[in-house]
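# Survey of secondary and tertiary structure
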Amino acid sequence: MDKLAEKLPPPALNRPPTQQRAPDPGRFRSIDMQPESAQQDPSYQRMMQEIEALQHRQGWLAGRGAFDKEDLLYLRDREEQQRMTEQEQRDGEAAAYAAARARIEREQEAAARAALRQQQTKQQQSKSSHTKGLVPVLKVKAHHSKEQQQQQPQQQPPPAGHPAQSGLAQEHKEPDHKRPRLTGSADAHVAAGSAEPAVQSAGTGSLGQRAGTGSLRARGERLVTRVAEAQDVTIELNNEEDPESTVLYLSGANRPGLLTALSAALRDLGLEVSKAIVETDAQNNKIADKFFVTRREGGKVLQDEEVSNIKRVLEVLLRGRSGPVTPRPKFTTVSIQQDENKRELLYTLMDTYRKNDVLSIQESIVNHVEYTLARTRHQFDDFECYQAAAFSLRDRLIEMWNDTQTYFKEQDPKRVYYLSMEFLMGRSLLNTLYNLGIKDQYMEALSELGYDLETIAEQERDAALGNGGLGRLAACFLDSMATLNLPAWGYGIRYSYGMFRQSIVNGFQHEQPDYWLTFGNPWEIERLIVSYPIKFYGHVSVHQEEGRQVFRWNAGEQVTAVAYDNPIPGFKTRNCINLRLWAAKPSREFDLEAFNTGDYVQAILGKQRAETLSSVLYPDDRTYEGKELRLKQQHFFVSATLQDVIRRYKESHPGNWDLLPERVAFQLNDTHPTIAVPELMRILMDENKLGWTLSWQICCKVFAFTNHTVLPEALEKWPVSLMEKLLPRHMQIVYDINWRFLQTVRAKYGDDWERISRMSIIEDGAHGDKFVRMAYLAVAASHTVNGVAAIHSDIIKNTIFKDFADLFPGKFQNKTNGVTQRRWLAFCNPPLRRLITERLGSDEWITDLDQLKGLRAHADDPALQQAWRTVKQQAKQRAAAKIHALTGVKVSPNALFDIQIKRIHEYKRQLLNVLGIIHRYDAIKKMSAEQRSKLVPRVCIIGGKAAPGYEMAKRIIKLICAVGEKINNDADVGDLLKLVFYPDYNVSGAEILIPASELSQHISTAGTEASGTSNMKFQMNGCLIIGTLDGANIEIAEEGGTDNMFIFGAKTEEVARLRAERKTLVVDPRFTHVVEMVRSGYFGWEDYFGPIMDAITTGGDYYLVANDFPGYLEAQAKVDELYKKPEVWDRMSIMMTAGSGKFSTDRTIHEYATEIWNVTPCVVPQPEN
């Protein structure tokens, strides 16, 4: 009896008819008959005839007995309930079948869309290559004898059956229970077209019925399914082998995902897999598996109709599987799993990557809502939807990450480890979707669930792991390393609060903690088992062990570094590398002894001191305590990193130290990680008992150093007294390194004490203080030192590192910076991406940016110019909306967008920009109406953060805001000029502003900017640049054409002379006028702005603002003139994008890999499908 029938009330007729009691006379009052004459009455006889008919239809033994009216009513009611139950079953089966078919059609549609996208990107493939690997249509046959065929009932609508991929339990002990369908108000978020109908129908259908007429009891029927020729698969059904279960045999050629799909299909049919025997012949790629199945309520699969249903579902399974499924690679490394059978089983259980069709994505998201976030799937808000979507994406990243790291371990290539204090990653959701090529699928999946992808993406907080160009460069490098399939990892600090969150209150910058981890970070993987002790303070003792001197550091304080991994996907590759960040934890969580003695504060001080290490990026170092915290941060992250790398190397190469330089490369991103040099020496000598000579040889072969500054004052130095206190063993090692290095200098130059003093790692200060020159230590220990732009590399060889370049002429190289064109063009500016792809005929430029040169042939095409202008206008409208939302200032998208967004610093000369804006404002106020009608409207946007201790930069921010307030509230000027300070500028803000920019300012004093990378991002998006010949501007002019830029200002070789002559400079009267406008209080706050004006007048004007002011105004006038000619401006814009190919980090990283690291790609292989 089926489940619905079981819910009926127990029958009143529970005895055979021959044993029924005699009728009660009182029960026939309605027909007013005496008992003795009742059986002679026609009404009674009709009742008995109906009872007999009911008995027969309900399978009772026929017989005439004594019945009463209640018996008749019961039998009528029973038949009606049975009829309704059968109808419900038929309706349920039809609905389930419809839901299953709808689901399969959606999967097939998603597969078709995926295939279409693949076809569009691979136009050169032949027709055969498009069809390769598709699952062939299968023919499922059930063989019966003629007698059995005659007995088979008419076919009913098939039950639900779909190949949802899920895990296969080796021993299934509990049945799956259907969850209730909720209909309350919480259903508001359950969108039409969700997976709910399939869930509702699971377990219903004819397989849930008991055996009755037409049963195949005692018949061992076989069901055979064959896959065409090359992929022969047979599925057989047998009811004779096991007394309690029906046995399904699966044999033939192995195919990824077949077992899990079959298991899911059986469950959807209402069958339980009580036991599974999985046998795989890996050598011949054959399987011979056995499944023991029963109905959900018990019993074998016996009815012909049940077999027919299995037949139909398997046909759906093998014909309608969503695809394509991507098989995961097999690894044979013995250390992973020595038992071959167990290894094969483990591979079979997860032999394909997670599917990326719409339905699979929806299931993944909803699963995380319920099982990870513990929220009801019927109601979750936008932020919870973002978290669930992020977790579902992380699942896919982890698959790739595990396979990549396993393959690296198996192949044992040389690996590069990129050490940086900053990784300004930005948001991960959209970047990951684009890199994996599944943005459209996620957008559709979320839309069907009732959510908008753009709204969901806005829920993500920017990872506060960096400040400016240094951290953004590191993030771009990781993207290119992953895309180029290099065996590489990044290492840094997991800051709890990052730099700071900038808020502008009354025009003043206020720093607030950036609580970016308040609600967790779904992208990271906490590795509590990966932790290392980090030591500070204490003293060093000397011991004799086996006839040699051994130094032992007896630390006074110890914390624990805990690893947090962040998978970094590449574009169009299955390789996924890693960013490992370290968080500081106390070596012991709680001082219980202090707590028990009543010292509650002391009980938690250790925990607070430890966690402070990884709380804030770049703590203010104007105080001794700030300096100490910075040095502790640097040692904390490099010590944990080196311990991690050495541990990994020793696992693969125990005792073989000579091979270390052939397997490990460290890149020091600026001077911050330089403490790694003495730390590696300490690990090799003190912990692994290597001698000095071998340890130093290893150090000089594994370290490379990137310098990011040309300013001598920006080179990091630490007081010797601080290092002796905080890192006593390291200070000893630094002294030894310096002594040996100076012997090398003396060997070449003799007793040139002035040169020796200049090159010494230990600097003698003017007041008797001593400092450790960290940049010099990095240069001495590294096999390669590189600058980050051609002019920068030349400057450092001729200024700050001249003596070292003379001593080691082959050590210095140039590696011009770049940015990843994926995030900074293809992903942040989709309309321009589509336009470029359309014109170039493919999107291969996303991984080969030099192909943008092909746009030059179309630069004069009016149609392209018009489309280009339309794309820019769309971006400006989006930026205008964002500006209004953040600042309340309405700007016109029809005006020229003039943007300068970067760290606030005097040498970057935001001050020159704002003085130019004051001049423009003053000129507009003096214009006639006719003159104003010919003026180009302009929106000026400035954004960036000032370091908390940099008072002058903070004053400049206030000046910008004061001038903007005056201009924006002047009705006489209106939309002719607006000035906006963009608050809390970050990566997400840049992704909106850069595509909208038409003019970008890179106006640092010549010879002060190492490279700059924001100029490259603007160039890629077709923005024209006004700038000096400084940093990468020079190379941008070479690639994009000087006639497509607005260049002004002094040249690098002129700067020193101009500074010397600054006091005698005849200042341009326009400069004097705008300075006086500020001094006079025209914009208010004249006293507060006084030091700014003093710095550029009586203070020497170190950054030559007055010198470059006239040339700057002339360049801006040329901008106005050309902007009035759209065809000229658009052509220049197209040419700038066409010339940006050199500035991809793919090119930069390729040069690092081949010319510095000597590492080669290590591509995770994919088995043929």
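The following refers to the structure shown. Computed from a predicted structure; not experimentally measured.

## Points about the nonpolar core
Judged by nonpolar contacts, the single largest core of 152 residues is most densely connected at Trp582, Phe636, Phe801 and Trp1157. Listed in part, the 115 residues of the second largest apolar core include Leu855, Ile956, Met1045 and Leu1113.

## Details of the sheet that holds strand β19 (residues 717-719)
Read across the open sheet, the 3 strands follow the order β19-β21-β20; overall the sheet is antiparallel. Either end of the sheet is taken by a strand with one partner, and the two such strands are β19 and β20 (762-764). Averaged over all adjacent pairs, the angle separating strand axes in this sheet is 35 degrees, with direction ignored. Seen against the sheet, helix α26 (residues 774-781) touches β19 and β21 (770-773) and runs at an angle of roughly 45 degrees to β21.

## Topic: a negative patch on the surface
Taken together, Asp381, Asp382, Asp452 and Glu454 make up a surface patch of like negative charges. For Asp382, the location among the structural elements is in helix α12 (residues 382-411).

## A word on the packing of aromatic side chains
Taken as a whole and judged by the stated rule, the model has 35 aromatic pairs. Between the aromatic rings of Phe741 and Phe804, the centroid separation amounts to 5.7 Å while the plane-to-plane angle is 10 degrees, which identifies the pairing as stacked. Within this pair, whereas Phe741 is found in helix α24 (residues 728-749), its partner Phe804 is found in helix α28 (residues 802-807), the two being separated by 63 residues in sequence. By relative accessible area, Phe804 is classed as buried at 1%.

## Considerations on the pairing of strand β15 (residues 557-569)
Residues in a regular strand project their side chains so that they alternate between the two faces of the sheet. Taken across its 13 residues, β15 has 12 buried, putting it largely inside the fold. Strand direction decides the pairing type here: strand β12 (residues 525-536) and β15, joined by 9 bridges, are antiparallel. Within β15, the residue paired with Ile534 across the bridge is Val559. Relative to strand β16 (residues 576-586), β15 runs antiparallel, the two sharing 11 bridges. Residue Tyr564 lies in a different strand from β16, and its bridge partner there is Leu581. Adjacent in sequence and paired antiparallel, β15 and β16 are bridged by 6 residues, among which Lys572 carries a positive phi angle near 55 degrees.

## Considering the pattern of salt bridges
Considering all chains together, one arrives at 61 salt bridges under this definition. A salt bridge links Glu545 to Arg552; its shortest N-O distance comes to 3.2 Å. We classify Glu545 as partly exposed; its relative accessible area is 28%. The partly exposed category is assigned to Arg552, whose relative accessible area is 37%. A single salt-bridge network, built from bridges that share partners, covers Arg527, Asp565, Arg580, Asp644, Arg647, Arg648 and Glu651.

## A short note on helix α16 (residues 469-483)
Compared with the 21 Å implied by 1.5 Å per residue over 15 residues, the 21 Å span of α16 between its first and last C-alpha is a close match. Within α16, 14 of the 15 residues are buried, leaving the element largely enclosed by the surrounding structure. Positioned one or two residues after α16, Asn485 has a phi angle of 65 degrees, which is positive.

## Describing the pairing of β21
Where β19 lies against β21, 3 bridges are found, and the strand directions are antiparallel. Bridged to Trp718 within β21 is Val772. As paired elements, β20 and β21 share 3 bridges and run antiparallel to each other. Bridge pairing links Glu763 to Phe771 in β21. Hairpin geometry of β20 and β21 is characterised by an intervening segment of 5 residues between the two adjacent antiparallel strands and by a positive phi of about 90 degrees at Gly768.

## So, unusual backbone geometry
Although it is not a glycine, Asp670 sits at a positive phi angle of roughly 75 degrees. Secondary-structure assignment places Asp670 in the loop between β17 (664-669) and α21 (676-687). The backbone of Leu1104 sits at a positive phi, close to 60 degrees, despite the residue not being glycine. Within the secondary structure, Leu1104 sits in the loop between α40 (1086-1095) and α41 (1105-1123). By relative accessible area, Leu1104 is classed as buried at 0%.

## Remarks on the sheet that holds strand β24 (residues 896-901)
Spatially, β26-β25-β24-β27-β28-β29 is the arrangement adopted by the 6 strands of the open sheet, whose pairing is parallel. Sheet topology places β26 (977-982) and β29 (1046-1047) at the edges, where each strand pairs with a single neighbour. The pairing of β24 with strand β27 (residues 999-1002) spans 2 bridges and is classified as parallel. The residue of β27 that forms the bridge with Asp898 is Leu999. Across the sheet, helix α34 (residues 951-968) touches β25 (938-943) and β26, and the angle it forms with β26 is around 145 degrees.

## Observations regarding the environment of Phe1143
With respect to the element layout, Phe1143 can be found in the loop between α42 (1126-1138) and α43 (1145-1157). Accessibility expressed as a relative area gives 0% for Phe1143, which makes it buried. Separated by 111 residues in sequence, Phe1143 and Ala1032 have C-alpha atoms that sit 9.3 Å apart. Beyond its immediate sequence surroundings of up to four residues, Phe1143 is in contact with Thr816, Asn817, Gly818, Val819, Met1016, Gln1019, Met1020, Glu1035, Ile1036 and Glu1039.

The rules we used
Here the residue numbering is sequential within each chain, running from 1 through the sequence in written order. Residues qualify for local features only when their pLDDT is at least 70, as the model is predicted, and side-chain atom pairs are given and counted only at 80 or more; totals for whole chains, interfaces and linings, by contrast, use all residues. Excluding hydrogens and water, the side-chain values take into account all heavy atoms of the structure. Buried Ala, Val, Leu, Ile, Met, Phe, Trp, Tyr and Cys residues form a nonpolar core when they are joined through side-chain atoms within 4.5 Å. Only protein chains enter the accessibility calculation, which uses a 1.4 Å probe; a residue is then buried when its area is under 20% of its type maximum, exposed when over 50%, and partly exposed in between. For two strands to be treated as a pair, DSSP must find no fewer than two bridges joining them. The numbering of helices and of strands both runs from the N terminus, where a helix is a DSSP run of H or I of at least 4 residues and a strand a run of E of at least 2. Axes here refer to lines fitted to C-alpha atoms; in helices the fit is confined to the stretch in contact. Angles between the N-to-C directions go from 0 to 180 degrees. Residue contacts are defined here by distance: any two heavy atoms, one from each residue, within 4.5 Å place the two residues in contact. Without a salt bridge and with relative accessible area above 30%, a residue can belong to a patch; like charges are then joined within 9 Å and nonpolar side chains (Val, Leu, Ile, Met, Phe, Trp, Tyr) within 5 Å. Here the Shrake-Rupley method, with its probe set to 1.4 Å, supplies the accessible areas, and only the displayed protein chains count as covering residues. The salt bridge criterion pairs a side-chain nitrogen of Lys or Arg with a carboxyl oxygen of Asp or Glu, the two atoms within 4 Å. The charge count treats Lys and Arg as positive and Asp and Glu as negative. His and the chain ends do not count. In this description, the location of a charge corresponds to atom NZ of lysine, CZ of arginine, CG of aspartate or CD of glutamate. Pairing of aromatic side chains here covers Phe, Tyr and the six-membered ring of Trp, requires ring centres within 6.5 Å, and sorts the geometry by plane angle: under 30 degrees stacked, over 60 edge-to-face, intermediate tilted. In a helix, the anticipated span is given by 1.5 Å times the number of residues less one.

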